[in-house]
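# Notes for the structure review
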Amino acid sequence: MNNIVNHLKQSDIFYQFTPTQLEMVANLCQEVVFQAGEIIFKENSSSKELYIITQGEVDILIKPASVSLWGKLEEEETPVATLRRGQNFGEVALVDEGLRSASARAAQKDTRLLVISRDKLIMLCETYPQLGYRLMYNLAADLAMKIRNTDLRIREQLLYKPQNDKK
């Protein structure tokens, strides 16, 4: 249990949690291990779990939905981010229970994740409103940072693409 609490401490979404709050969250965690190349979840699948990386790396992939020269839909997934120890993913499922917006794949052997069920975590947040407020605040900050980073990457691609095409 102590080991799980230490991993939770390293995750931004549990920033400023008390030791007691971290233990309550740790009681909800299940540890899973994936090997390099294993799919954790697929884009457009339903899922209600939050994942925290405790060891290894995870690639986040999207299908660009582009059409090839032959009019065939391209199915190859494109990596958009690589996440490392202490980072989380799947957090949108905590908010809207919608379909996954991307796929997640283990990028290294023995990638270890903590998995937390949405239902159990929401119940904990409702039972302990201070914990719930802190989690949702941290979650919003984490999502905002991810959106800003994505926005910057898109802007960079748009700015540099015309210059590269002129050469």
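Refer to the structure printed above.
Quantities reported herein were computed from a predicted structural model and do not represent experimental measurements. (Residues numbered from 1 in each chain as written. Predicted model: local features only at pLDDT ≥ 70, side-chain atom pairs only at ≥ 80, totals over all residues. Heavy atoms only, no water.)

## As for the nonpolar core
By size, the foremost hydrophobic cluster in this structure holds 23 residues, and its most contacted members are Leu-8, Phe-14, Val-25, Leu-50, Ile-116 and Leu-121. Among the elements of the structure, α1 (2–9), α2 (19–26), β3 (49–55), β8 (111–117), α4 (118–127) and α5 (129–166) are those that each provide at least two residues to this core. In this structure Ile-116 touches Phe-14, Val-25, Leu-28, Cys-29, Lys-48, Glu-49, Leu-50, Ile-52 and Leu-121, once residues within four positions along its chain are discounted. By size, the runner-up hydrophobic cluster in this structure holds 14 residues, among which are Phe-34, Phe-41, Val-58 and Phe-89. (Core = buried A, V, L, I, M, F, W, Y, C linked by side-chain atoms within 4.5 Å. Buried < 20%, exposed > 50% of the residue type's maximum accessible area, 1.4 Å probe, protein only. Helix = DSSP H or I, 4+ residues; strand = E, 2+ residues; numbered from the N terminus. Contact = heavy atoms within 4.5 Å.)

## Concerning the sheet that holds strand β1 (residues 29–34)
Read from one edge of the open sheet, four strands run β1-β8-β3-β6, paired in antiparallel fashion. Across the chains shown, the open sheet's two edge strands, defined by having one partner strand only, are β1 and β6 (88–89). Sheet topology note: the β3/β8 ladder contains six bridges and is antiparallel. Counterpart to Leu-50 in the pairing with β8 is Ile-116. Contacting β1, β3 and β8, α1 runs over the sheet at an angle of about 90° to β8. (Pairing = 2+ DSSP bridges. Axes fitted to C-alpha atoms, helices over the stretch in contact; angles between N-to-C directions.)

## A look at the sheet that holds strand β2 (residues 39–41)
Taking strand neighbours across the sheet as the criterion, the four strands line up as β2-β7-β4-β5 in an open arrangement whose pairing is antiparallel. Of all the strands in the sheet, just β2 and β5 (78–83) have a single pairing partner and so form its edges. The sheet shows a mean angle of 30° between the axes of neighbouring strands, direction not considered. Pairing between strand β4 (residues 58–62) and β5: five bridges, direction antiparallel. Its bridge partner being in β5, Ile-60 is matched across the sheet by Ala-81.

## Some points on the packing of α1 against α2
Contact geometry for α1 and α2: axes closest at 9 Å, N-to-C directions at 110°. When the axis of α1 is compared with that of α2, the two are roughly perpendicular. The two elements α1 and α2 meet at a crossing, and its hand is right-handed. Across the interface between the two elements, Ile-4, Val-5, Leu-8 and Lys-9 of α1 pack against Leu-22, Glu-23, Val-25 and Ala-26 of α2. Of the residues that constitute the contact of α1 with α2, the class distribution is six nonpolar, no polar and two charged. (Parallel < 35°, antiparallel > 145°, perpendicular 65-115°, else oblique. Left-handed = near helix turned anticlockwise from the far one by under 90°. Nonpolar A, V, L, I, M, F, W, Y, C, P; charged D, E, K, R; others polar.)

## Topic: the side chain of Asn-88
Mapped onto the elements of the fold, Asn-88 is located in strand β6. A distance of 3.3 Å separates a polar atom in the side chain of Asn-88 from a polar atom in the side chain of Glu-91. Dropping the residues within four chain positions of it, Asn-88 is found in contact with Ser-11, Ile-13, Leu-50, Tyr-51, Ile-52, Leu-83, Asp-142 and Lys-146. (Polar contact = N/O pair within 3.5 Å; in protein donor to acceptor, adjacent residues only side chain to side chain.)

## Brief notes about the layout of surface pockets
Taken as a whole, the largest pocket encloses approximately 820 Å³ of empty space. Forming the walls of the largest pocket are 31 residues, and the residues nearest its centre are Ile-60, Val-80, Ser-101, Lys-146 and Thr-150. Of all the elements in the fold, those that place two or more residues in the lining of the largest pocket are β4, β5, β6, α3 (92–96) and α5. Of the residues forming the lining of the largest pocket, the biggest block, nine residues, is contributed by α5. Residue composition of the lining of the largest pocket, by class: 15 nonpolar, 11 polar and five charged. (1 Å grid on protein atoms, 1.4 Å probe; cavity = no way out; pocket = protein on both sides within 12 Å on 5 of 7 lines; lining within 4 Å. Points joined across faces, edges and corners; volume = space filled by probe spheres on them.)

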